[in-house]
Amino acid sequence: MSAIDGLPPLRDVIARHDLRAKKQLGQNFLLDLNLTAKIARAAGDLSGSDVIEVGPGPGGLTRGLLAEGARKVLAIEKDARALPALAEIAAAYPGRLEVIEGDALEIDPLAHVQAPIRIVANLPYNVGTELLIRWLTPKDWPPFWQSLTLMFQKEVAERIVALPGSKAYGRLAVLAQWRADAKIVMTLPPEAFVPAPKIHSAVVHLTALDAPRYPADAKVLSRVVAAGFNQRRKMLRASLKGIHPEIERLLEEAGIAPTSRAEEIGLEQFCALARAVAEAPR
Ligand code: SAM
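In this convention, every chain numbers its residues from 1, walking through the sequence in written order. A pLDDT threshold of at least 70 governs which residues receive local features in this predicted model, and a stricter bar of 80 or more applies before side-chain atom pairs are shown or counted, although totals over entire chains, interfaces and linings include all residues.

1. Focus: the environment of Val 156
Part 1 of the argument: Runs of H or I in DSSP of at least four residues are treated as helices and runs of E of at least two as strands, each being numbered from the N terminus. Relative to the helices and strands, Val 156 is located in helix H6 (residues 154-161).
Part 2 of the argument: C-beta crowding within 10 Å serves as the criterion here: with 21 such atoms nearby, Val 156 is assigned to the buried category.
Part 3 of the argument: Considered as a pair, Val 156 and Lys 198 are 42 residues apart in the sequence and their alpha carbons are 14 Å apart.
Part 4 of the argument: If we skip the residues at most four places from it in the chain, Val 156 touches Tyr 125 and Thr 129. Three classes are used. A residue is buried when 20 or more other C-beta atoms lie within 10 Å of its own, exposed when 12 or fewer do, and partly exposed in between, with C-beta atoms placed from the backbone. We call two residues in contact when their backbone-placed C-beta atoms lie within 7 Å.

2. A closer look at helix H5 (residues 125-136)
Part 1 of the argument: Take the number of residues in a helix, subtract one, and multiply by 1.5 Å to get its expected span. The terminal C-alpha atoms of H5 lie 16 Å apart, and with 12 residues this matches the ideal 16 Å at 1.5 Å per residue to within 8%.
Part 2 of the argument: All of the buried residues in H5 are Gly 128, Leu 132 and Leu 136. Projected down its long axis, H5 shows its buried positions confined to an angular sector of 60°, all on one face. Facing away from the buried side of H5 by over 90 degrees, the exposed positions are Asn 126 and Arg 134. Arc definition: directions from the helix axis to the C-beta atoms.

3. Considerations on the site of the ligand
Part 1 of the argument: If you check the shell around the ligand, you find 24 residues, and the closest are Phe 29, Gly 55, Gly 57, Ala 104 and Asn 122.
Part 2 of the argument: Across the shell around the ligand, the residue classes break down as 13 nonpolar, 7 polar and 4 charged. Nearness here has a simple definition: the residue's C-beta atom, placed using the backbone, must lie within 6 Å of the molecule or strand. Any residue that is not Ala, Val, Leu, Ile, Met, Phe, Trp, Tyr, Cys, Pro, Asp, Glu, Lys or Arg is counted as polar, Gly included; the first ten are nonpolar and the last four charged.

4. With respect to the packing of helix H8 (residues 218-230) against helix H11 (residues 267-279)
Packed helix pairs are specified by the crossing angle of their axes together with the interaxial distance, meaning the distance between the axes.
Part 1 of the argument: Two numbers describe how H8 lies on H11: the axes approach to 9 Å, and their chain directions differ by 115°. By the criterion of interaxial angle, the relationship of H8 to H11 is roughly perpendicular. Considering the relative orientation of H8 and H11, their crossing is right-handed. Residues Val 220, Leu 221, Val 224 and Val 225 of H8 lie in contact with H11, whose contacting residues are Phe 270, Cys 271, Leu 273, Ala 274, Val 277 and Ala 278.
Part 2 of the argument: Grouping the amino acids of the contact of H8 with H11 by side-chain chemistry returns 10 nonpolar, no polar and no charged. To define axes, lines are fitted to C-alpha atoms, for helices over the stretch in contact only, and angles between the resulting N-to-C directions are given on a 0 to 180 degree scale. Working rule for angles: under 35 degrees goes down as roughly parallel, over 145 as roughly antiparallel, 65 to 115 as roughly perpendicular, anything else as oblique. By definition, turning the near helix anticlockwise from the far helix through less than a right angle yields a left-handed crossing, and turning it clockwise yields a right-handed one.

5. As for the UniProt feature "binding site: S-adenosyl-L-methionine" (unreviewed entry) in the protein chain
Part 1 of the argument: The residues that UniProt annotates with the feature "binding site: S-adenosyl-L-methionine" (unreviewed entry) are Asn 28, Leu 30, Gly 55, Glu 77, Asp 103 and Asn 122.
Part 2 of the argument: Among the structural elements, Gly 55 can be located in the loop between strand S2 (50-54) and helix H3 (60-67).
Part 3 of the argument: Contact partners of Gly 55, with chain neighbours within four places excluded, come to Glu 77, Ala 104, Ala 121, Asn 122 and Leu 123.
Part 4 of the argument: On the secondary structure map, Asp 103 appears in the loop between strand S4 (97-101) and strand S5 (117-122).
Part 5 of the argument: Asp 103 gets classed as exposed once you count the C-beta atoms within 10 Å, which come to 11. UniProt positions are given in the numbering used here, feature names are shortened, and annotations may be inferred rather than shown by experiment.

Put into structure tokens, the structure is as follows:
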């Protein structure tokens, strides 16, 4: 029996349900329930929130979320082998865990949860980045979620929270920080997982702001930032040539030296440039 919930230790659960980790599903499991409870606490006060958990696997983090008081957990898992283990957790927390079998990239969870909604996941890194970008670029803002608490490869986590002037600063940082507060709340060594990956990991916590930090059209901003960082060594007057024929004038209008490079430009300036581009006649 484990200390946090009276359910069996995860090692036993994995052995009993033959949940050997599969590489092609990006499976690196967290077995320490004190650690998963700590990650759940990093997601904020869960007591009044529904939590969408993507990729619960054998359920270590799921158990952390439930033990920390989540009103309801909706767990989306692609690997059917994990379902019996998750059903045991659901039985221990009547009415509080719903499991959907399927691909999180294809499932719309919104019919199954109620606001306020928090999202928590320890996912394969490629799926995590793709979902993060989707969650950061909804049609309307504020988004349906209040916070995102996500495990990433440490290097990706550093790109999300990076500031101008650093090597890690790029499109992901601008996208994340424009409309959310983003911080690294925990770093984990490879040995925290079974099997141990080759790299270090980190948990990033993002809180949605009510409104963008600076006004800009999301599509224009995204085009400008993508073009600027696609050729990050070039001066902006060259890398942004395709954005507008008079880009040099627009850069100046936004208070940006046309000879500067994307990695030197802060959020406020990128937004000013996106506004100048959006307003400029073509
Ligand atoms: N959350 C568990 C933990 O912390 O121990 C498992 C983490 S493991 C890194 C990633 C989990 O995501 C696996 O259970 C895997 O089967 C699942 N998964 C992978 N791709 C998925 C997808 N597209 N949709 C839903 N689940 C997925």
